[in-house]
Amino acid sequence: MLAKGEGAYVWDADGKRYLDLLGGIAVNVLGHAHPALVEAVTAQLTTLGHISNFFTSAPQVELAERLVALTGHDGRVFLSNSGTEANEAALKITRRTGRTHLVATEGAFHGRTMGALALTAKAAYREPFEPLPGEVTFVPYDDAEALAAAVTDRTAAVVIEPMQGEAGVNVPSGDYLAAARRITTEHGALLWLDEIQTGIGRAGRWFAHQHPTLAPEGVVPDLITLAKGLGGGVPIGATLALGAAATLLEPGNHGTTFGGNPMASAAGLAVLETIEKEGLLARAEEAGDRLRAGLAKDARVTETRGLGLLIGLDLSAERSAEVASAALEAGYIVNNPTPSRIRLAPPLVLTDAQIDQFVADWPAILDAAGVEA
(Lines give C-alpha, C1' and ligand atoms only; values in the text may rest on other atoms or scores of the structure.)
Protein backbone atom coordinates (compact mmCIF):
# COMPACT_ATOMS: atom_id res chain seq x y z
CA MET A 1 0.00 0.00 0.00
CA LEU A 2 1.53 3.27 -1.12
CA ALA A 3 0.96 6.34 1.01
CA LYS A 4 2.75 9.29 -0.63
CA GLY A 5 5.10 10.28 -3.40
CA GLU A 6 7.51 13.03 -4.35
CA GLY A 7 9.39 13.29 -7.62
CA ALA A 8 10.40 9.80 -8.75
CA TYR A 9 9.99 8.32 -5.25
CA VAL A 10 7.01 6.78 -3.46
CA TRP A 11 6.66 5.61 0.14
CA ASP A 12 4.52 2.76 1.40
CA ALA A 13 2.32 2.78 4.48
CA ASP A 14 5.23 1.51 6.59
CA GLY A 15 7.48 4.36 5.49
CA LYS A 16 9.71 2.40 3.10
CA ARG A 17 10.90 4.39 0.07
CA TYR A 18 10.91 3.08 -3.51
CA LEU A 19 12.24 4.52 -6.75
CA ASP A 20 9.23 4.36 -9.07
CA LEU A 21 10.61 3.05 -12.35
CA LEU A 22 7.14 2.22 -13.67
CA GLY A 23 5.57 5.64 -13.20
CA GLY A 24 2.07 4.34 -12.59
CA ILE A 25 2.45 2.38 -15.87
CA ALA A 26 3.80 5.31 -17.92
CA VAL A 27 1.34 7.79 -16.39
CA ASN A 28 3.32 9.93 -13.95
CA VAL A 29 5.51 11.72 -16.49
CA LEU A 30 6.17 14.55 -14.01
CA GLY A 31 6.66 12.18 -11.12
CA HIS A 32 4.61 12.55 -7.96
CA ALA A 33 3.31 15.78 -6.42
CA HIS A 34 4.91 17.99 -9.06
CA PRO A 35 4.24 21.61 -7.98
CA ALA A 36 3.04 22.67 -11.44
CA LEU A 37 0.41 19.93 -11.56
CA VAL A 38 -0.69 20.48 -7.96
CA GLU A 39 -1.03 24.21 -8.55
CA ALA A 40 -2.95 23.84 -11.81
CA VAL A 41 -5.49 21.37 -10.44
CA THR A 42 -5.91 23.28 -7.17
CA ALA A 43 -6.43 26.60 -8.94
CA GLN A 44 -8.94 25.09 -11.36
CA LEU A 45 -10.96 23.54 -8.55
CA THR A 46 -11.41 26.96 -6.99
CA THR A 47 -13.39 28.04 -10.06
CA LEU A 48 -14.82 25.09 -12.01
CA GLY A 49 -14.14 21.41 -11.41
CA HIS A 50 -16.87 19.87 -13.53
CA ILE A 51 -19.60 21.28 -15.79
CA SER A 52 -20.85 18.28 -17.87
CA ASN A 53 -20.82 18.15 -21.66
CA PHE A 54 -23.68 20.64 -21.99
CA PHE A 55 -21.07 23.38 -21.71
CA THR A 56 -17.44 23.98 -22.58
CA SER A 57 -14.63 25.65 -20.69
CA ALA A 58 -11.45 27.52 -21.55
CA PRO A 59 -9.07 24.74 -20.38
CA GLN A 60 -10.88 22.20 -22.57
CA VAL A 61 -10.64 24.34 -25.69
CA GLU A 62 -7.04 25.33 -24.97
CA LEU A 63 -5.96 21.73 -24.43
CA ALA A 64 -7.62 20.56 -27.65
CA GLU A 65 -5.98 23.38 -29.61
CA ARG A 66 -2.60 22.62 -28.06
CA LEU A 67 -2.79 18.90 -28.88
CA VAL A 68 -3.74 19.58 -32.49
CA ALA A 69 -0.88 22.09 -32.79
CA LEU A 70 1.59 19.47 -31.52
CA THR A 71 0.66 17.18 -34.42
CA GLY A 72 1.57 19.89 -36.91
CA HIS A 73 -1.67 19.29 -38.84
CA ASP A 74 -5.31 20.33 -38.82
CA GLY A 75 -7.63 18.21 -36.73
CA ARG A 76 -10.18 17.86 -33.97
CA VAL A 77 -10.07 16.32 -30.50
CA PHE A 78 -12.52 14.32 -28.40
CA LEU A 79 -11.57 14.32 -24.71
CA SER A 80 -12.49 11.39 -22.46
CA ASN A 81 -11.33 9.82 -19.20
CA SER A 82 -8.94 6.99 -20.08
CA GLY A 83 -7.02 5.20 -22.77
CA THR A 84 -9.60 2.55 -23.38
CA GLU A 85 -12.26 5.26 -23.80
CA ALA A 86 -10.03 7.12 -26.25
CA ASN A 87 -9.81 3.92 -28.26
CA GLU A 88 -13.56 3.35 -28.07
CA ALA A 89 -14.11 6.81 -29.57
CA ALA A 90 -11.61 6.04 -32.32
CA LEU A 91 -13.37 2.73 -32.98
CA LYS A 92 -16.66 4.58 -33.45
CA ILE A 93 -14.93 6.93 -35.88
CA THR A 94 -13.82 3.93 -37.95
CA ARG A 95 -17.45 2.79 -38.20
CA ARG A 96 -18.35 6.14 -39.75
CA THR A 97 -16.35 5.08 -42.82
CA GLY A 98 -19.14 2.61 -43.59
CA ARG A 99 -16.70 -0.28 -43.19
CA THR A 100 -16.37 -2.71 -40.29
CA HIS A 101 -13.17 -4.68 -40.90
CA LEU A 102 -10.19 -3.75 -38.71
CA VAL A 103 -6.59 -4.93 -38.69
CA ALA A 104 -4.62 -5.04 -35.43
CA THR A 105 -1.32 -6.61 -34.44
CA GLU A 106 -0.25 -9.62 -32.44
CA GLY A 107 1.07 -8.53 -29.05
CA ALA A 108 -1.17 -5.45 -29.08
CA PHE A 109 -2.85 -3.99 -26.02
CA HIS A 110 -5.55 -1.38 -26.57
CA GLY A 111 -7.73 -1.62 -23.45
CA ARG A 112 -10.22 -3.68 -21.47
CA THR A 113 -13.62 -2.35 -22.57
CA MET A 114 -15.35 -4.53 -25.12
CA GLY A 115 -14.44 -2.61 -28.27
CA ALA A 116 -10.85 -1.97 -27.25
CA LEU A 117 -10.56 -5.57 -26.06
CA ALA A 118 -11.59 -6.77 -29.51
CA LEU A 119 -8.39 -5.14 -30.79
CA THR A 120 -6.22 -6.56 -27.99
CA ALA A 121 -4.36 -9.70 -28.94
CA LYS A 122 -3.74 -11.52 -25.65
CA ALA A 123 -5.96 -14.58 -25.43
CA ALA A 124 -6.16 -14.50 -21.63
CA TYR A 125 -7.74 -11.05 -21.81
CA ARG A 126 -10.07 -11.83 -24.70
CA GLU A 127 -11.36 -15.36 -24.31
CA PRO A 128 -13.44 -14.94 -21.12
CA PHE A 129 -15.51 -12.26 -22.88
CA GLU A 130 -15.92 -13.62 -26.40
CA PRO A 131 -17.68 -13.12 -28.73
CA LEU A 132 -16.24 -9.63 -28.97
CA PRO A 133 -17.58 -6.89 -31.27
CA GLY A 134 -16.22 -6.17 -34.68
CA GLU A 135 -14.46 -8.00 -37.44
CA VAL A 136 -10.76 -7.99 -36.54
CA THR A 137 -7.78 -9.59 -38.28
CA PHE A 138 -4.54 -9.89 -36.30
CA VAL A 139 -1.20 -9.80 -38.09
CA PRO A 140 2.38 -10.07 -36.78
CA TYR A 141 3.81 -6.79 -35.51
CA ASP A 142 6.42 -5.12 -37.71
CA ASP A 143 5.53 -7.27 -40.71
CA ALA A 144 4.61 -5.01 -43.62
CA GLU A 145 3.98 -7.95 -45.96
CA ALA A 146 1.47 -9.52 -43.58
CA LEU A 147 -0.19 -6.14 -43.15
CA ALA A 148 -0.47 -5.63 -46.90
CA ALA A 149 -2.04 -9.07 -47.27
CA ALA A 150 -4.63 -8.39 -44.57
CA VAL A 151 -5.80 -4.92 -45.63
CA THR A 152 -8.46 -4.81 -48.35
CA ASP A 153 -10.94 -2.31 -49.74
CA ARG A 154 -13.30 -3.48 -46.97
CA THR A 155 -10.90 -2.43 -44.20
CA ALA A 156 -11.98 0.55 -42.11
CA ALA A 157 -8.71 1.03 -40.23
CA VAL A 158 -5.39 -0.39 -39.19
CA VAL A 159 -4.52 0.19 -35.52
CA ILE A 160 -0.87 0.08 -34.46
CA GLU A 161 1.14 1.02 -31.39
CA PRO A 162 4.28 2.88 -32.56
CA MET A 163 6.04 0.80 -29.90
CA GLN A 164 4.31 -2.06 -28.12
CA GLY A 165 4.37 -1.60 -24.35
CA GLU A 166 2.39 -4.45 -22.81
CA ALA A 167 4.28 -6.98 -24.93
CA GLY A 168 7.57 -5.93 -23.34
CA VAL A 169 8.48 -2.85 -25.42
CA ASN A 170 8.78 -3.94 -29.03
CA VAL A 171 10.25 -1.36 -31.41
CA PRO A 172 9.44 -1.77 -35.11
CA SER A 173 11.80 -1.22 -38.01
CA GLY A 174 12.09 2.30 -39.38
CA ASP A 175 9.98 1.63 -42.47
CA TYR A 176 7.03 -0.07 -40.74
CA LEU A 177 4.86 2.96 -39.98
CA ALA A 178 5.52 4.40 -43.43
CA ALA A 179 4.49 1.10 -44.98
CA ALA A 180 1.32 1.08 -42.88
CA ARG A 181 0.53 4.59 -44.10
CA ARG A 182 1.08 3.59 -47.71
CA ILE A 183 -1.02 0.43 -47.42
CA THR A 184 -3.96 2.14 -45.72
CA THR A 185 -3.93 5.00 -48.22
CA GLU A 186 -3.99 2.57 -51.14
CA HIS A 187 -7.14 0.93 -49.77
CA GLY A 188 -8.89 4.03 -48.44
CA ALA A 189 -8.52 2.83 -44.84
CA LEU A 190 -7.64 4.91 -41.79
CA LEU A 191 -4.27 4.67 -40.07
CA TRP A 192 -4.87 4.76 -36.32
CA LEU A 193 -1.86 5.05 -34.01
CA ASP A 194 -2.42 4.12 -30.38
CA GLU A 195 -0.03 6.46 -28.55
CA ILE A 196 -1.63 5.94 -25.15
CA GLN A 197 1.61 4.61 -23.67
CA THR A 198 4.13 6.10 -26.10
CA GLY A 199 2.86 9.68 -26.39
CA ILE A 200 3.39 12.88 -24.39
CA GLY A 201 7.17 12.78 -24.22
CA ARG A 202 7.65 9.16 -23.29
CA ALA A 203 9.78 8.45 -26.39
CA GLY A 204 11.51 11.83 -26.40
CA ARG A 205 8.98 13.37 -28.79
CA TRP A 206 5.45 14.62 -28.20
CA PHE A 207 4.28 11.57 -30.16
CA ALA A 208 6.45 8.52 -30.73
CA HIS A 209 5.57 8.39 -34.43
CA GLN A 210 7.40 11.72 -34.78
CA HIS A 211 10.68 10.06 -33.77
CA PRO A 212 13.05 9.63 -36.73
CA THR A 213 13.90 6.11 -35.59
CA LEU A 214 10.30 5.06 -36.21
CA ALA A 215 9.53 7.25 -39.21
CA PRO A 216 12.65 8.73 -40.84
CA GLU A 217 10.62 10.49 -43.53
CA GLY A 218 7.70 11.34 -41.25
CA VAL A 219 4.22 9.83 -41.19
CA VAL A 220 0.80 11.45 -40.73
CA PRO A 221 -1.87 9.19 -39.21
CA ASP A 222 -5.62 9.74 -39.43
CA LEU A 223 -6.26 8.95 -35.77
CA ILE A 224 -4.10 9.25 -32.64
CA THR A 225 -5.25 8.08 -29.23
CA LEU A 226 -3.71 9.40 -26.02
CA ALA A 227 -4.10 9.01 -22.26
CA LYS A 228 -1.64 7.97 -19.50
CA GLY A 229 1.02 10.72 -19.48
CA LEU A 230 -1.36 13.42 -20.71
CA GLY A 231 -2.84 13.99 -17.25
CA GLY A 232 0.27 13.23 -15.23
CA GLY A 233 -1.87 11.14 -12.88
CA VAL A 234 -5.26 12.82 -13.41
CA PRO A 235 -7.50 10.53 -15.50
CA ILE A 236 -7.87 11.82 -19.06
CA GLY A 237 -8.00 10.43 -22.58
CA ALA A 238 -7.90 12.10 -25.99
CA THR A 239 -8.83 10.97 -29.48
CA LEU A 240 -7.26 13.10 -32.20
CA ALA A 241 -8.57 12.95 -35.76
CA LEU A 242 -6.52 14.64 -38.47
CA GLY A 243 -7.42 15.85 -41.94
CA ALA A 244 -10.57 14.41 -43.50
CA ALA A 245 -10.96 11.95 -40.61
CA ALA A 246 -11.76 14.90 -38.31
CA THR A 247 -15.22 15.24 -39.87
CA LEU A 248 -16.28 11.60 -39.56
CA LEU A 249 -17.61 11.88 -36.02
CA GLU A 250 -20.52 14.32 -36.01
CA PRO A 251 -22.33 16.05 -33.11
CA GLY A 252 -24.50 13.53 -31.31
CA ASN A 253 -22.49 10.50 -32.46
CA HIS A 254 -20.59 10.25 -29.19
CA GLY A 255 -20.59 11.79 -25.74
CA THR A 256 -19.12 11.79 -22.24
CA THR A 257 -20.17 13.29 -18.92
CA PHE A 258 -16.75 13.63 -17.30
CA GLY A 259 -14.50 13.78 -20.36
CA GLY A 260 -12.70 17.06 -20.89
CA ASN A 261 -13.86 18.56 -17.63
CA PRO A 262 -12.02 21.73 -16.54
CA MET A 263 -9.93 20.01 -13.85
CA ALA A 264 -8.61 17.22 -16.09
CA SER A 265 -8.03 19.66 -18.94
CA ALA A 266 -6.09 22.00 -16.64
CA ALA A 267 -3.96 19.04 -15.60
CA GLY A 268 -3.25 18.18 -19.23
CA LEU A 269 -2.22 21.74 -19.98
CA ALA A 270 0.07 21.81 -16.95
CA VAL A 271 1.76 18.60 -18.10
CA LEU A 272 2.37 19.93 -21.61
CA GLU A 273 3.63 23.28 -20.35
CA THR A 274 5.96 21.66 -17.81
CA ILE A 275 7.43 19.21 -20.31
CA GLU A 276 8.22 22.14 -22.57
CA LYS A 277 9.48 24.45 -19.81
CA GLU A 278 11.74 21.85 -18.18
CA GLY A 279 13.08 20.41 -21.46
CA LEU A 280 11.76 16.94 -20.65
CA LEU A 281 11.61 15.70 -24.25
CA ALA A 282 15.38 15.89 -24.51
CA ARG A 283 15.72 14.66 -20.95
CA ALA A 284 13.70 11.52 -21.73
CA GLU A 285 16.15 10.58 -24.47
CA GLU A 286 19.23 11.34 -22.38
CA ALA A 287 17.95 9.47 -19.35
CA GLY A 288 16.76 6.53 -21.45
CA ASP A 289 20.14 6.16 -23.15
CA ARG A 290 21.92 6.26 -19.78
CA LEU A 291 19.56 3.72 -18.22
CA ARG A 292 19.70 1.24 -21.10
CA ALA A 293 23.48 1.45 -21.36
CA GLY A 294 23.96 0.95 -17.64
CA LEU A 295 21.65 -2.06 -17.35
CA ALA A 296 23.04 -3.71 -20.47
CA LYS A 297 26.48 -3.99 -18.88
CA ASP A 298 25.26 -7.03 -16.98
CA ALA A 299 25.55 -10.09 -19.24
CA ARG A 300 22.27 -11.43 -17.89
CA VAL A 301 20.49 -8.68 -19.82
CA THR A 302 20.51 -10.18 -23.31
CA GLU A 303 18.77 -7.28 -25.08
CA THR A 304 17.57 -3.75 -24.37
CA ARG A 305 14.86 -2.07 -26.43
CA GLY A 306 12.92 1.16 -26.48
CA LEU A 307 13.12 4.87 -27.09
CA GLY A 308 13.33 7.54 -24.42
CA LEU A 309 12.01 6.32 -21.10
CA LEU A 310 10.00 3.36 -22.36
CA ILE A 311 12.46 0.51 -21.94
CA GLY A 312 12.28 -3.23 -22.35
CA LEU A 313 14.91 -5.69 -21.09
CA ASP A 314 15.28 -9.32 -22.09
CA LEU A 315 16.70 -11.56 -19.36
CA SER A 316 18.78 -14.69 -19.80
CA ALA A 317 16.19 -16.70 -17.86
CA GLU A 318 12.43 -16.71 -17.44
CA ARG A 319 12.56 -15.15 -13.98
CA SER A 320 11.06 -11.71 -14.54
CA ALA A 321 8.53 -12.15 -11.72
CA GLU A 322 11.37 -12.97 -9.33
CA VAL A 323 13.30 -9.94 -10.59
CA ALA A 324 10.31 -7.64 -10.00
CA SER A 325 9.94 -9.05 -6.49
CA ALA A 326 13.65 -8.69 -5.72
CA ALA A 327 13.63 -5.15 -7.08
CA LEU A 328 10.72 -4.25 -4.82
CA GLU A 329 12.58 -5.66 -1.85
CA ALA A 330 15.57 -3.51 -2.82
CA GLY A 331 13.41 -0.38 -3.11
CA TYR A 332 12.64 -0.26 -6.85
CA ILE A 333 9.36 -0.62 -8.73
CA VAL A 334 9.68 -2.39 -12.10
CA ASN A 335 7.25 -4.41 -14.22
CA ASN A 336 7.41 -7.95 -15.60
CA PRO A 337 5.13 -8.05 -18.69
CA THR A 338 6.35 -11.48 -19.87
CA PRO A 339 8.26 -14.31 -18.14
CA SER A 340 11.63 -13.12 -19.48
CA ARG A 341 11.07 -9.39 -19.91
CA ILE A 342 11.22 -6.34 -17.65
CA ARG A 343 9.51 -3.06 -18.57
CA LEU A 344 10.54 0.35 -17.26
CA ALA A 345 8.53 3.55 -17.76
CA PRO A 346 9.80 5.96 -15.09
CA PRO A 347 8.92 9.64 -14.70
CA LEU A 348 10.64 11.95 -17.17
CA VAL A 349 12.08 13.81 -14.17
CA LEU A 350 14.28 10.83 -13.25
CA THR A 351 17.75 12.11 -12.32
CA ASP A 352 21.18 10.80 -13.30
CA ALA A 353 21.92 10.03 -9.64
CA GLN A 354 18.78 7.90 -9.37
CA ILE A 355 19.65 6.07 -12.59
CA ASP A 356 23.20 5.41 -11.44
CA GLN A 357 22.04 4.06 -8.08
CA PHE A 358 19.64 1.64 -9.75
CA VAL A 359 22.33 0.51 -12.19
CA ALA A 360 24.70 -0.07 -9.26
CA ASP A 361 22.08 -2.17 -7.45
CA TRP A 362 20.95 -4.06 -10.57
CA PRO A 363 23.43 -6.99 -10.39
CA ALA A 364 22.45 -7.72 -6.79
CA ILE A 365 18.77 -7.68 -7.79
CA LEU A 366 19.44 -10.25 -10.52
CA ASP A 367 21.46 -12.32 -8.03
CA ALA A 368 18.61 -12.28 -5.52
CA ALA A 369 16.18 -13.32 -8.27
CA GLY A 370 18.35 -16.28 -9.23
CA VAL A 371 19.07 -15.09 -12.76
CA GLU A 372 22.12 -16.80 -14.20
CA ALA A 373 24.11 -15.83 -17.28
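One can find the structure itself at the top, above this paragraph.
Structure report, in brief. These numbers come from a predicted model, not from an experiment.

## A look at the pairing of strand S10 (residues 237-242)
At step 1: S10 sits mainly inside the fold: six of its six residues count as buried.
At step 2: Covered by surrounding structure in S10 are Gly-237, Thr-239 and Ala-241 together with Ala-238, Leu-240 and Leu-242, the residues of both alternating faces.
At step 3: One ladder, built from six bridges, connects strand S4 (residues 75-80) with S10; its direction is antiparallel. Considered in S10, the bridge of Leu-79 is made with Ala-238.
At step 4: Summarising the sheet, strand S9 (residues 223-226) and S10 pair through four bridges and their orientation is antiparallel.

## Observations concerning the sheet that holds strand S7 (residues 155-160)
At step 1: Spatially, S4-S10-S9-S8-S7-S5-S6 is the arrangement adopted by the seven strands of the open sheet, whose pairing is mixed. Each end of this open sheet is capped by a strand with a single partner; those strands are S4 and strand S6 (135-139). Sheet twist, expressed as the mean angle between neighbouring strand axes with direction ignored, is 20°.

## Focus: the sheet that holds strand S1 (residues 2-6)
The strands making up a sheet associate through hydrogen bonds between their backbones, and the pairing can be parallel or antiparallel.
At step 1: The four strands are arranged S1-S2-S3-S13 in an open sheet whose pairing can be described as mixed. Pairing within the sheet leaves two strands with one partner each, and these edge strands are S1 and strand S13 (332-333).
At step 2: Here two bridges tie strand S3 (residues 17-20) to S13, and the two strands are oriented parallel to one another. Residue Leu-19 lies in a different strand from S13, and its bridge partner there is Tyr-332.

## Some thoughts on the packing of helix H11 (residues 320-330) against helix H12 (residues 352-368)
At step 1: Packing of H11 against H12 brings their axes to within 8 Å, and their N-to-C directions diverge by 125°. What the angle tells us is that H11 and H12 run oblique. Crossing geometry of H11 relative to H12 is assigned as right-handed. Between H11, through Val-323, Ala-326, Ala-327 and Ala-330, and H12, the contact on the second element is made entirely by Trp-362, Ile-365, Leu-366 and Ala-368.
At step 2: Each residue belonging to the contact of H11 with H12 can be placed in one class, and the counts come to eight nonpolar, no polar and no charged.

Rules and cut-offs
Residues numbered from 1 in each chain as written. Predicted model: local features only at pLDDT ≥ 70, side-chain atom pairs only at ≥ 80, totals over all residues. Heavy atoms only, no water. Buried < 20%, exposed > 50% of the residue type's maximum accessible area, 1.4 Å probe, protein only. Helix = DSSP H or I, 4+ residues; strand = E, 2+ residues; numbered from the N terminus. Pairing = 2+ DSSP bridges. Axes fitted to C-alpha atoms, helices over the stretch in contact; angles between N-to-C directions. Parallel < 35°, antiparallel > 145°, perpendicular 65-115°, else oblique. Left-handed = near helix turned anticlockwise from the far one by under 90°. Contact = heavy atoms within 4.5 Å. Nonpolar A, V, L, I, M, F, W, Y, C, P; charged D, E, K, R; others polar.

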